[in-house]
Amino acid sequence: MKVDVLVIGGGSAGLAAAVTASRAGLSTVMVERHGMAGGMGTASLVHTFCGLYFIDGDEARHANAGLPEEIADRMETATGGGPVKMGRVWVLPQHPVEFARIADEILRESGVTVLFHSEVISLEPGWRAKLACRGELREIEAGAVIDASGDAAGAAMLEIQDDRAAADRLQRPAYVSGIQGVVGELAGLTLSGRIVEGVRSGDLPKASLGMHFRESGRRGEIFGTLDLSGEEIGDYDPTDPACLSALEDTGRMVTNAVLRYFKEKQDGWKMAYISHWPARAGVRESRRYLGQAVLTGDDVISGRRFDDEVALATWPLELRETNRGPKLRYPEDGKAAGIPAGALKAAGMEDLYVAGRCISCDHEAQASIRVMGTCFATGQAVGRMVAQPGVGFE
Amino acid sequence: MDGCCGQMTVACDPDDVLKMLREEGILELADGCGVEVDLFEAGLDSMAVMQLIVVIEERFGVALGVVDASREALGTPVAMAATINARR
C-alpha cells in the first residue's frame with residue numbers, strides 16, 4: 001500500500017490528524033491496535049473531554065476552532081449535554097460509546113483508510129512501515145508519518161533520541177470501569193468515607209483509596225475511576241508489558257473488591273454490578289519525542305505565545321505523580337499558551353510528525369497537553385502541516 | 001497515648017487544619033485564606049476527602065468515617081476542627 005500519510009494510532013490525536021489530512025486531499029491510512037478509534041476516550045473509558053475550552057469565564061469558549069469544536073458539537077448532540085465548569089476549567093462530559101460511533105462517522109465521511117487490529121512494528125525513513133495483523137505482515141509506503149501512538153512508538157522503533165520522566169515522576173495511570181444497577185443519588189463523599197472504613201477494617205485493599213465515581217449521564221450508569229500507583233510489581237514502566245498487565249489485573253481486582261463491599265454496606269448498591277471493563281488501563285505519560293522545539297511547563301504557566309504556534313494549550317498542569325489525586329497548577333491569569341509547530345516535528349527527521357500526548361515537551365508541559373481536547377488540536381495541527389506543499393508524494 | 005504528633009490531649013484548632021492541608025498538599029489554598037474558607041470551593045472532592053481522612057487519622061489519631069464525610073463536617077477549617085474534636 002502506498003499513501004501520502006501514515007498515522008500511527010487512532011486515539012484522539014490520530015483521529016484528528018487522519019481526518020484533517022484526508023480532508024485536505026491527502027491519501028491517509030490510520031493504523032489502530034483496537035477495534036475502534038478514540039483511544040483513552042473509548043478503549044480506556046475516560047469520559048471527559050478536557051482542554052477544549054479557555055480557562056475561566058462565564059461561558060465555555062472553544063480554544064481551538066475546527067475539528068475539536070466539530071467533535072464537541074457531535075458529542076453534545078449525542079449526549080444532549082453541554083460543557084460544565086469544574087472549579088476554573090470547563091470540560092465536556094463525553095460518552096465512550098458515542099465517541100467510538102462518532103469517530104467511525106468522521107473517519108468514514110473523510111475518506112480515511114482505517115486499519116484496526118494492527119500495530120506498526122517497524123519504521124524506516126523514506127517512509128516504509130511494517131504492520132502486524134494476527135501474525136501477518138503488511139507494508140505501507142508513505143510520504144509522511146504522523147506518530148500519534150501516545151508512547152512515541154515511532155521514536156522507539158527508529159531508535160532516535162526520546163525523552164521520558166523518571167519512573168517515580170511519571171503521571172500515574174487510571175483504570176475506569178462502567179457500573180450499573182445503583183439506585184438513587186450518587187453520594188460521592190459518603191462513598192469515600194465508606195472506602196476508608198473498608199481499608200481501615202482490612203476488608204478492602206489499600207489501593208481502593210484511589211477510587212472515585214461519577215455519573216455517566218445515562219440513566220442508572222456510573223463510571224468508577226481507580227487511580228493506580230503503577231508500582232504493583234516494581235517501578236512504574238508504562239512500556240513494559242508485565243507492568244501494564246499488573247495494572248489491568250489490579251484495576252479489575254480492586255474495582256471488584258470495592259463493588260462487592262458496597263453491595264453489602266452501602267444503601268442503593270445492593271443490585272449494583274460492573275457492566276464493562278475498559279479494553280486497557282489509561283496511561284497518562286510515557287515516552288515523548290525530542291522535537292525541533294520543546295514546549296516547557298514554564299511556557300504553559302506563563303501563557304507564552306509563539307510566532308509559529310499551531311494550537312493552543314488551555315489546560316492547567318494537572319500533575320498526578322502520585323495516585324492521591326491531582327495537583328493543579330494554573331497558568332498566570334488563566335492564559336492560553338501556544339504550541340509551536342516545532343514541537344510537532346521530530347528533530348533531525350524529514351516528514352516525521354507527532355501529535356497527542358507524546359509531542360516534544362517536558363514532563364510539566366505534558367501534564368497540560370496530554371488531555372483529549374488538546375490532543376484533538378495537535379492532531380488537527382499536524383494534519384494541516386502535512387498538507388502544506390513539499391510534503392508527501394507530489 | 002499516641003506520641004506521633006503529641007496532639008492527642010490538645011484540641012485541634014482551625015489553624016492546625018490549615019497547616020495540615022498545606023503541608024500534606026491535599027489542596028492548594030490561597031496564601032491569605034482564612035479559617036472560614038470553603039474547602040470544596042477550593043477543590044476538595046471525593047478523592048481528596050479519602051486522603052484527608054487518612055491524613056487526619058495519622059496526624060490527630062482520630063478515625064473519621066462515613067458519617068463525617070460531608071460538606072457540613074469538612075467544608076471549612078473551622079468545621080473540620082470541630083469534627084475532629086468531636087470524634088476524640
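Cut-offs applied
Residues numbered from 1 in each chain as written. Chains lettered and ligands numbered in written order. Predicted model: local features only at pLDDT ≥ 70, side-chain atom pairs only at ≥ 80, totals over all residues. Heavy atoms only, no water. Pairing = 2+ DSSP bridges. Helix = DSSP H or I, 4+ residues; strand = E, 2+ residues; numbered from the N terminus. Contact = heavy atoms within 4.5 Å. Axes fitted to C-alpha atoms, helices over the stretch in contact; angles between N-to-C directions. Core = buried A, V, L, I, M, F, W, Y, C linked by side-chain atoms within 4.5 Å. Buried < 20%, exposed > 50% of the residue type's maximum accessible area, 1.4 Å probe, protein only. Salt bridge = Lys/Arg side-chain N within 4 Å of Asp/Glu carboxyl O. Domains from an automatic or database assignment. Polar contact = N/O pair within 3.5 Å; in protein donor to acceptor, adjacent residues only side chain to side chain. Nonpolar A, V, L, I, M, F, W, Y, C, P; charged D, E, K, R; others polar. Disulfide = S-S within 2.5 Å. Parallel < 35°, antiparallel > 145°, perpendicular 65-115°, else oblique. Left-handed = near helix turned anticlockwise from the far one by under 90°.

A.B. asks: I'd like a rundown of the sheet that holds strand E3 (residues 48-49) of chain A, residues and numbers included.
C.D. replies: All names here are of chain A. Here we have three strands laid out as an open sheet, ordered E3-E5-E4, and antiparallel in their pairing. Of all strands in the sheet, those with a lone pairing partner are E3 and strand E4 (84-86), marking the two edges. In terms of strand pairing, E3 meets strand E5 (residues 89-93) through two bridges, oriented antiparallel. Bridged to Phe-49 within E5 is Leu-92. On top of the sheet, helix H2 (residues 67-79) reaches E3 and E5; it is set at about 55 degrees to E5, its chief contact.

A.B. asks: Account for unusual backbone geometry, naming residues and giving values.
C.D. replies: Residue and element names in this part refer to chain A. The omega torsion of the bond from Gly-126 to Trp-127 falls at -5 degrees, within 30 degrees of zero and hence cis. Inspection of the secondary structure puts Trp-127 in the loop between strand E7 (119-124) and strand E8 (128-133). Despite not being glycine, Asp-56 has its phi angle at roughly 65 degrees, a positive value. Within the fold, Asp-56 resides in the loop between E3 and H2. Positive phi, close to 60 degrees, is recorded for Asp-351, a residue that is not glycine. Its location among the elements puts Asp-351 in the loop between strand E19 (337-340) and strand E20 (352-354).

A.B. asks: Give a description of the sheet that holds strand E11 (residues 174-180) of chain A that names residues and reports values.
C.D. replies: Residue and element names in this part refer to chain A. Taken together, the four strands give an open sheet; going across it, the order is E12-E13-E11-E14, and neighbouring strands pair in antiparallel fashion. Looking at strand neighbours, the two that pair on one side only are strand E12 (211-215) and strand E14 (273-276), the edges of this open sheet. Within the sheet, the average angular offset between the axes of one strand and its neighbour, ignoring direction, is 40 degrees. For E12 and strand E13 (residues 221-227), the ladder comprises five bridges, and the chain directions are antiparallel.

A.B. asks: Help me get a handle on the pairing of E7 of chain A, residues and values and all.
C.D. replies: For a regular strand, side-chain orientation follows a simple rule: the groups alternate between the two sheet faces. Residues and elements named next belong to chain A. Bridging between E7 and E8 involves five bridges; their strand directions are antiparallel. Along E8, the bridge assignment pairs Val-120 with Leu-131. Taking the residues between adjacent antiparallel strands as the criterion, E7 and E8 are bridged by three residues, where Gly-126 takes a positive phi near 135 degrees.

A.B. asks: An account of the nonpolar core is needed here, citing residue identities and associated values.
C.D. replies: Counting 79 residues, the largest nonpolar core has Leu-6, Phe-49, Ile-146 and Ile-339 of chain A as the members making the most contacts within it. With eight residues, the top contributor of residues to this core is helix H9 (residues 372-386) of chain A. Formed by 61 residues, the second largest nonpolar core is a distinct cluster that contains Ile-179 and Tyr-236 of chain A together with Phe-40 and Ala-69 of chain B.

A.B. asks: Now, about the pattern of salt bridges: what can you tell me, with residues and values included?
C.D. replies: Residues and elements named next belong to chain A. By the definition in use, this model includes 30 salt bridges over all chains. Measuring nitrogen to oxygen at the nearest pair gives 2.5 Å for the salt bridge that ties Asp-237 to Arg-164. In this pair, Asp-237 is assigned in the loop between E13 and helix H6 (241-265) and Arg-164 in the loop between strand E10 (162-163) and E11, connecting sequence segments 73 residues apart. On the basis of relative accessibility, which here comes to 25%, the residue Asp-237 falls in the partly exposed class. What emerges from the salt-bridge pattern is a single network uniting Arg-23, Glu-70, Arg-74, Glu-98, Arg-101, Glu-105, Glu-109 and Arg-218.

A.B. asks: Give a description of the pairing of strand E9 (residues 136-147) of chain A that names residues and reports values.
C.D. replies: All names here are of chain A. Pairing geometry for strand E1 (residues 2-8) and E9, over six bridges, is parallel. Across the sheet, Ile-8 pairs through a bridge with Asp-147, a residue of E9. Where E8 lies against E9, six bridges are found, and the strand directions are antiparallel. What sits directly across from Ala-129, in E9, is Ile-140. Turn length for the E8-E9 hairpin, with the two strands adjacent in sequence and antiparallel, is two residues, and the turn residue Arg-134 shows positive phi of about 50 degrees.

A.B. asks: Residues and numbers for the domain arrangement of chain A, please.
C.D. replies: Residue and element names in this part refer to chain A. One can read the domain layout of chain A as domain 1 (2-166 + 285-386) and domain 2 (174-276). Taken together, the 15 residues of domain 1 in the interface contact 17 residues of domain 2. At the junction of domain 1 and domain 2, the tally comes to three salt bridges. Viewed at the interface, domain 2 and domain 1 are joined by seven residue pairs in polar contact (both at pLDDT 80 or more). Considering every element that reaches the side of domain 1 that touches domain 2, the biggest residue donor is helix H3 (residues 96-110), with three residues. Looking at the side of domain 1 that touches domain 2 residue by residue, the classes come out as four nonpolar, six polar and five charged.

A.B. asks: Residues and numbers for the state of the cysteines, please.
C.D. replies: Structurally, a disulfide amounts to a covalent bond that connects the sulfur atoms of two cysteines. Residues and elements named next belong to chain A. Using the criterion set out here, one finds zero disulfides over all chains in the structure. Considering cysteine sulfurs only, Cys-358 is the nearest to Cys-361, which forms no disulfide, with 8.9 Å between them. Take Cys-375: it sits in no disulfide, and the sulfur closest to it among the cysteines is that of Cys-358, at 8.6 Å. We classify Cys-375 as buried; its relative accessible area is 5%.

A.B. asks: Pulling in residues and values, what's your account of the environment of Gly-282 of chain A?
C.D. replies: Residue and element names in this part refer to chain A. Secondary-structure assignment places Gly-282 in the loop between E14 and strand E15 (288-289). Among the residues examined, Gly-282 registers a relative accessible area of 1% and is labelled buried. With 142 residues separating them in the primary sequence, Gly-282 and Ile-140 have C-alpha atoms 29 Å apart. Leaving out residues up to four positions away in the same chain, Gly-282 has contacts with Met-40, Ser-44, Pro-173 and Ala-174.

A.B. asks: How would you explain the packing of helix H1 (residues 12-23) of chain A against H3 of chain A if you had to name every residue and give the values?
C.D. replies: All names here are of chain A. Relative to each other, H1 and H3 sit at 20 degrees, their axes nearing to 9 Å. One element, H1, and the other, H3, form an angle in the roughly parallel class. Considering how the two elements wind past one another, H1 and H3 form a crossing that is left-handed. For the pair H1 and H3, contact is made by Leu-15, Val-19, Ser-22 and Arg-23 and by Phe-99, Ala-103, Ile-106, Leu-107 and Ser-110, respectively. Within the contact of H1 with H3, the residues separate by chemical class into six nonpolar, two polar and one charged.

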